[in-house]
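Residues per chain, in single letters:
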Amino acid sequence: MPEETTSRGALSTSDEDLLAEARERARRAMDAESAWRERARKDLKFLHGEQWEQGDIDARALKGLPSLVVNRVLQYVLLITNEVRQNRPALLVSPVDSGADIRTAEVVQGLIRHIEYASNASTAYDAAVWSATACGKGYFRVYADYEAPDSFAQVLQIGQIRSPFAVYMDPGVRQPDGSDAEWVFITEDLSKEAFLSAWPKSRTAKDFRAGADWLTLAKQIPDWVTRDGIRVADYYYRAWQDATLYRVSKAMPDGDPLRVQMLDAALGDWVRTAHGMEPGADGSYVDVVAGTPPPDGTPVLDQRRTRVPTVWHCQMTAGEVLRRTIWTAGPKIRGFLPVIRVLGLEMETENGVDYLGVTRFLRDPAQMKNFWLSTATAVIGTMPKAPWIGYAGQFTDPKWETANTERHAALEVQPFPANWPRDAGPAPLPQRTFGEPPVQAILQCMQFSETDLDRTSGVNEARQGVRGNETSGVAIQRRQAQSQTATYHFGDNLVRAQKYEGMVLLEAIPTRYDTARTLRIIGEDETPSTVRVNERTKKDGQPVLFDLTTGRYDVVVSSGPTYATKRQEGAATLMDLTTKLPLIGQNPVATAKVVRA
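As the structure is a computational prediction, the values presented were derived from the model and not from experiment.

Asker: What exactly am I supposed to notice about the packing of helix H3 (residues 72-86) against helix H5 (residues 121-135) here?
Answerer: How two helices sit against one another is set out by the angle between their axes and by the gap between those axes. Running from amino to carboxyl end, H3 crosses H5 at an angle of 140 degrees, the nearest separation of the two axes being 10 Å. Judged by the inter-axis angle, H3 sits oblique to H5. In this structure, H3 meets H5 at a crossing whose hand is right-handed. Counted together, Leu74, Val77, Leu78, Ile80, Thr81, Val84 and Arg85 of H3 and Asp126, Val129, Trp130 and Thr133 of H5 form the full contact between these two elements. For the contact of H3 with H5, the per-class residue count stands at 7 nonpolar, 2 polar and 2 charged.

Asker: How should the sheet that holds strand E3 (residues 154-160) be read in this particular structure?
Answerer: Backbone-to-backbone hydrogen bonds join strands into a sheet, with any given pair of strands oriented parallel or antiparallel. One open sheet accounts for 3 strands, arranged E3-E2-E12; its pairing is antiparallel. Strands at the two margins of the open sheet, each flanked by one partner only, are E3 and strand E12 (339-343). Averaged over all pairs of adjacent strands, the angle between their axes in this sheet comes to 20 degrees, without regard to strand direction. In terms of strand pairing, strand E2 (residues 137-146) meets E3 through 7 bridges, oriented antiparallel. Within the sheet, the bridge partner assigned to tyrosine 146 lies in E3 and is glutamine 154.

Asker: Help me out: how do you make sense of the packing of aromatic side chains in this one?
Answerer: Per the stated rule, a full pass over the model turns up 10 aromatic pairs. Aromatic side chains phenylalanine 185 and tyrosine 235 sit 4.5 Å apart centroid to centroid with 5 degrees between the ring planes, which places their arrangement in the stacked category. Residue phenylalanine 185 is found in strand E5 (residues 183-191), and its partner tyrosine 235 is found in strand E6 (residues 229-249); the two are separated by 50 residues along the sequence. The pair phenylalanine 185 / tyrosine 235 is uniform in exposure class, with both members buried. With 4.8 Å between their ring centres and 25 degrees between their planes, tyrosine 235 and tyrosine 237 make a pair best called stacked. Of the two residues, tyrosine 235 and tyrosine 237, neither departs from the other in class, the shared state being buried. A connected cluster of aromatic rings, assembled from ring pairs, spans Trp183, Phe185, Tyr235 and Tyr237. The aromatic ring of phenylalanine 165 is capped on one face by arginine 41, whose charged end is 4.6 Å from the ring centroid. The ring of tryptophan 36 carries the charged tip of lysine 137 above its face, separated from the ring centre by 4.5 Å.

Asker: I would appreciate a short explanation of unusual backbone geometry in the present structure.
Answerer: Excluding glycine, residues mostly carry a negative phi; peptide bonds, for their part, are mostly trans. Unlike most non-glycine residues, asparagine 120 shows phi in positive territory, near 55 degrees. As for its position among the elements, asparagine 120 is in the loop between helix H4 (102-119) and H5. Look at asparagine 120 and you get partly exposed, because its relative accessible area is 43%.

Asker: Would you explain the pattern of salt bridges in this entry?
Answerer: Close approach of charged atoms allows side chains of opposite charge to pair. Counted according to the given criterion, the structure contains 21 salt bridges. Between aspartate 31 and arginine 27 there is a salt bridge whose closest N-O contact spans 2.6 Å. Of this pair, aspartate 31 and arginine 27 both sit in helix H1 (residues 15-48), separated by 4 residues, roughly a single helical turn.

Asker: What exactly am I supposed to notice about the environment of glutamine 75 here?
Answerer: Examined against the element boundaries, glutamine 75 turns out to sit in helix H3. Separated by 28 residues in the primary sequence, glutamine 75 and leucine 47 have C-alpha atoms spaced 9.5 Å apart.

Asker: Teacher, can you tell me more about the environment of threonine 317 here?
Answerer: Examined against the element boundaries, threonine 317 turns out to sit in the loop between strand E10 (300-316) and strand E11 (321-329). On the basis of relative accessible area, threonine 317 is assigned to the buried category, the value being 2%. For the pair threonine 317 and aspartate 234, spaced 83 residues apart in sequence, the C-alpha separation works out to 9.2 Å. For threonine 317, the residues in contact, after removing those within four places along its chain, are Leu19, Phe195, Thr204, Trp224, Ile230, Arg231, Val232 and Leu322.

Asker: When you look at H3 in this model, what are you seeing that I'm missing?
Answerer: An α-helix turns once every 3.6 residues. As a result, residues three or four positions apart point the same way. Its 15 residues place the ends of H3 22 Å apart at the C-alpha level, agreeing with the 21 Å of an ideal helix rising 1.5 Å per residue. Residues of H3 that are buried include every one of Arg72, Val73, Tyr76, Val77, Ile80, Thr81, Glu83 and Val84, and no others. Two to three positions downstream of the cap, the backbone nitrogen of leucine 74 sits 3.3 Å from a side-chain oxygen, assigning the N-cap of H3 to asparagine 71.

Asker: Any chance you could explain the packing of H1 against H5 here in plain terms?
Answerer: H5 packs onto H1 with a crossing angle of 100 degrees between their chain directions and a minimal axis gap of 9 Å. One finds that H1 runs roughly perpendicular with respect to H5. Within the contact between the two elements, H1 uses Trp36, Ala40, Asp43, Leu44 and Leu47 and H5 uses Trp130, Ala134 and Cys135. Partitioned by chemical class, the residues of the contact of H1 with H5 number 7 nonpolar, no polar and 1 charged.

Asker: Please clarify how the nonpolar core should be interpreted in this entry.
Answerer: Within soluble globular proteins, side chains that are nonpolar generally end up buried alongside one another. Core analysis: the biggest nonpolar cluster contains 56 residues, and Phe140, Val339, Tyr513 and Leu548 have the highest contact counts within it. The element contributing the most residues to this core is helix H12 (residues 488-512), with 9 residues. Look past the residues within four positions of tyrosine 513 in its chain and what remains in contact with it is Leu111, Ile115, Gln154, Val155, Leu156, Leu519, Asn534, Leu548 and Thr549. Core analysis: the second largest hydrophobic core is formed by 31 residues, Ala22, Trp183, Cys314 and Met316 among them.

Asker: Is there a simple way to think about the pairing of strand E18 (residues 528-533) in this case?
Answerer: The two faces of the sheet receive side chains in turn, since in a regular strand these alternate between them. Bridge analysis of strand E17 (residues 517-522) against E18 gives 6 bridges, and the strand direction is antiparallel. Within E18, the position partnered with leucine 519 by the bridge is valine 531. As consecutive antiparallel partners, E17 and E18 are separated by 5 residues, and within that stretch glutamate 526 has a phi angle of approximately 65 degrees, a positive value.

Asker: When you look at the confidence of the model for the chain in this model, what are you seeing that I'm missing?
Answerer: When pLDDT drops low, the exact placement of atoms in the prediction is not to be read closely. Across the chain, the average pLDDT comes to 81, with 79% of residues at 70 or higher. Scored below 50 in pLDDT, residues 1-11 makes 32 contacts in the model with residues more than four places away or belonging to other chains. Note on residues 271-281: pLDDT under 50 across the span, and 24 contacts to partners over four residues away in sequence or across chains.

Asker: Mind showing me how you'd approach the pairing of E6 here?
Answerer: Buried residues dominate E6, accounting for 16 of its 21 residues. As paired strands, E5 and E6 are joined by 9 bridges and run antiparallel to one another. Bridging from a neighbouring strand, serine 191 pairs with glycine 229 of E6.

Asker: Honestly, the side chain of arginine 60 in this entry has me stumped. Any pointers?
Answerer: Mapped onto the fold, arginine 60 is located in helix H2 (residues 54-62). Among buried charged residues, arginine 60 stands out as having no salt bridge; its nearest opposite-charge side chain is aspartate 56, 7.9 Å away. A polar side-chain atom of arginine 60 sits 2.7 Å from the main-chain carbonyl oxygen of proline 66. When near neighbours in sequence (up to four residues on either side) are disregarded, arginine 60 contacts Trp52, Leu65, Pro66, Ser67, Phe371, Ser374 and Thr375.

Conventions we followed
- Residues numbered from 1 in each chain as written.
- Predicted model: local features only at pLDDT ≥ 70, side-chain atom pairs only at ≥ 80, totals over all residues.
- Heavy atoms only, no water.
- Axes fitted to C-alpha atoms, helices over the stretch in contact; angles between N-to-C directions.
- Helix = DSSP H or I, 4+ residues; strand = E, 2+ residues; numbered from the N terminus.
- Parallel < 35°, antiparallel > 145°, perpendicular 65-115°, else oblique.
- Left-handed = near helix turned anticlockwise from the far one by under 90°.
- Contact = heavy atoms within 4.5 Å.
- Nonpolar A, V, L, I, M, F, W, Y, C, P; charged D, E, K, R; others polar.
- Pairing = 2+ DSSP bridges.
- Phe/Tyr/Trp six-rings, centres within 6.5 Å; stacked < 30°, edge-to-face > 60°.
- Buried < 20%, exposed > 50% of the residue type's maximum accessible area, 1.4 Å probe, protein only.
- Lys NZ or Arg CZ within 6 Å of the ring centre and 35° of its normal.
- Salt bridge = Lys/Arg side-chain N within 4 Å of Asp/Glu carboxyl O.
- Expected span 1.5 Å × (residues − 1).
- Polar contact = N/O pair within 3.5 Å; in protein donor to acceptor, adjacent residues only side chain to side chain.
- Core = buried A, V, L, I, M, F, W, Y, C linked by side-chain atoms within 4.5 Å.
- pLDDT = per-residue confidence, 0-100.
- Lys, Arg positive; Asp, Glu negative; His and termini not counted.

And the structure:
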């Protein structure tokens, strides 16, 4: 179980030191991401339909010109993200060391499927992929919660992070999934009422109820407190402690077996015990990470310095630690933080790292299309309103004021307007001027912008459902596959992220499911079942033990059709064969070919 404490020897720091370090790290992350966040906000506003600058809209409105928006960019993003939804990756667990076994790996794999099902994890994956495709990166998380209000048992959950702007990750991260991050913040801005309700016993709440000035607090830490609310952060960070890895012989000099074990889950201390330890691979040695040397007389075969991680979870404001717990600890873990990053496209620039979604470079061709469409609409709209041209003083009839907007049976003119010589006869009748606007050129520019949208997004017409010159199904599929290759990285980055998610779950499962209990698991065919873990039981008359607290496991990600889809495809193949087999049976040559094949 996670330990709710604020002191754990050398692994912990005081609240004041923790807050000072956390504020500095958050400021560093804000500075490092400020340029990307500004560009990403513009991308999302553009995707939302705000595709004209407000100044341009106002200027065109004064001239009576429309500012139309045809939001093709949204459809490109939906097409890419929906294709990812159709091919959801699946996590596959396999044993790694002698303390693990295949049957327990299947139980762990079924448990992970149940965690995904119970958490509605698909919403978390979809939100992360949407943000990555729209503005460059998204996130989701793994967290622990109690199974029920009346239970001490904990369960793992996969949570959605709706906004990528809520996360501030270590700027030094290099892995696309964020697995090498040393710290990360997940922030939430609460109103004063919500904060006081959620944390009524906090020092901040007590100070505020005692008459403290909220606005003074806002001025002191403007990034964390506003006039209307306060920012609360889930702060995950790694704390490292030096230790030594000892390889000791199982045989003592006096011939008695070595009987030692570790008391501390994070950093072992050597003690004599009546229980002993699991043997090594060949049964002759034991590897132990400890902070103190082994007992005197213990045969040490080898030793080296190492570092043991502890992952802390701290809920905090800028001025107060609300709660601090240990997420994972111990020499068998790598200290993965439970916040998973999904990228769109990562690019190194001279000003740092930038993250791109599909929206960024679609903005210009989309604006071109909107401009030419608005221009065509304005030009074509004025064509029926061709002006009348005549001499000054001819248009004395009031009906001329509405000659372009209303139909009149007759229009009268003055035959001899002012300054017109009488001996020249009546003045010519007024005439309309029908100047042909460049509509064809405008429509051609619109077509160019359409082509630029398709080529820039990597989504060709075949992928959009537009029929081409291809006639065979194979040719159509190849054309669609070429388009999918251009945007393949969005789905592939989700696969990488889910592999990291599996590694986070494998580190957290032994500490959250560490007691004898009955768990629900889900098989590959999506059939639920129950299994007893961490306790020796019988199955089919044979003793079995599914111990989730020991052994090392690894995870790989399988992407492609789901189990149900595979069954449907298999059934379709069999049905196709049943229609062809009678025909083959009537042809001895064809039958012989089938047999030889």
